[in-house]
Amino acid sequence: QVQLVESGGGLVQPGGSLRLSCAASGSRFSIYAMGWYRQAPGKQRELVARIASGGSTNYADSVKGRFTISRDNAQNTVYLEMNSLKPEDTAVYYCNADRVTLIGGTRLNYWGQGTQVTVSS
């Protein structure tokens, strides 16, 4: 079992920056792929960025060059650095942990409660 707690959301002006953090409890954080997703009102939840256990990353096209995902396995924390924020980045941002067990192939997938990011002047 993994519990995820996001922090760092808030109100920021267009062009500003925020850093989201997601602290994970439980063991074996380092073997999980970690992701940030977001959901705007009336829209489906979408992947923003993902970092694999080995450190490789991928991003949604809409955030490439502006957002950076990173992880600190010693601190059981994943971060999302968001720069040059736009009003369309406004959403609830969710942290996700995901892995498949080696024995049995069971998918283990966990979500945080979300943190609101609002980009507005």
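Since this is a predicted model, take the numbers as computed values, not measurements.

Novice: Can you help me understand the state of the cysteines in this one?
Specialist: The bond known as a disulfide is covalent and runs between the sulfur atoms of two cysteines. Counted under the stated rule, the structure contains one disulfide. One disulfide bridge connects Cys22 with Cys95, the sulfur atoms lying 2.1 Å from each other. One disulfide, between Cys22 and Cys95, carries an S-S torsion of -85 degrees and so falls in the left-handed class. Residue Cys22 is found in strand S3 (residues 18-25), and its partner Cys95 is found in strand S9 (residues 91-100); the two are separated by 73 residues along the sequence. Residue Cys22 is classed as buried on the basis of its relative accessible area of 0%. Of the residues examined, Cys95 reaches a relative accessible area of 0% and is grouped as buried.

Novice: I'm lost on the pattern of salt bridges in this one. Help?
Specialist: A side chain of one charge can pair with a side chain of the opposite charge if their charged atoms are brought near each other. Under the defined criterion, the tally for this structure stands at five salt bridges. Among the ionic pairs, Asp61 bridges to Lys64, the shortest N-O distance being 3.1 Å. Owing to a relative accessible area of 65%, Asp61 belongs among the exposed residues under this scheme. Residue Arg107 pairs with Asp98 through a salt bridge whose shortest N-O separation is 2.6 Å. The exposure class of Asp98 is buried, given its relative accessible area of 11%.

Novice: I'm lost on the side chain of Thr115 in this one. Help?
Specialist: Here Thr115 shows up in strand S11 (residues 115-119). The class of Thr115 is buried, set by a relative accessible area of 11%. Polar contacts involving the side chain of Thr115 include one to the main-chain amide nitrogen of Gly9, which spans 3.3 Å. Contacts of Thr115, omitting those with residues within four sequence positions, involve Glu6, Ser7, Gly8, Gly9, Leu20, Ala91, Val92 and Tyr93.

Novice: What should I look at first to understand the nonpolar core in this one?
Specialist: Membership of the largest hydrophobic core comes to 30 residues, with the highest contact counts inside it found for Leu4, Met34, Trp36, Leu80, Met82 and Tyr93. Mapped by element, the contributors of at least two residues to this core are S3, strand S4 (33-39), strand S5 (46-51), strand S7 (67-72), strand S8 (77-82), S9 and S11.

Calculation notes
- Residue indices follow the written sequence of each chain, beginning from 1 at its first position.
- Reporting of local features is limited, given that this is a predicted model, to residues whose pLDDT is at least 70; pairs of side-chain atoms are given and counted only at 80 or more, and all residues count toward the totals for whole chains, interfaces and linings.
- Computation of side-chain values covers all heavy atoms of the structure but excludes hydrogens and water.
- Note on terminology: disulfide denotes any pair of cysteine sulfur atoms within 2.5 Å.
- Secondary structure elements follow DSSP: runs of H or I no shorter than four residues count as helices, runs of E no shorter than two count as strands, and numbering proceeds from the N terminus.
- When accessible area is computed with a 1.4 Å probe and restricted to protein chains, residues below 20% of their type maximum are described as buried, those above 50% as exposed, and intermediate ones as partly exposed.
- For salt bridges, the criterion is a side-chain nitrogen of Lys or Arg within 4 Å of an Asp or Glu carboxyl oxygen.
- Between N or O atoms, a polar contact is any pair within 3.5 Å; within protein, one atom must be a potential hydrogen donor and the other a potential acceptor, and residues adjacent in sequence are included only when both atoms are from side chains.
- Residue contacts follow a heavy-atom distance rule, with two residues in contact if any of their heavy atoms lie within 4.5 Å.
- Take the buried Ala, Val, Leu, Ile, Met, Phe, Trp, Tyr and Cys residues and link them wherever side-chain atoms come within 4.5 Å; each set so joined is a nonpolar core.

Everything listed here is a matter of geometry and, on its own, says nothing about what the molecule does.
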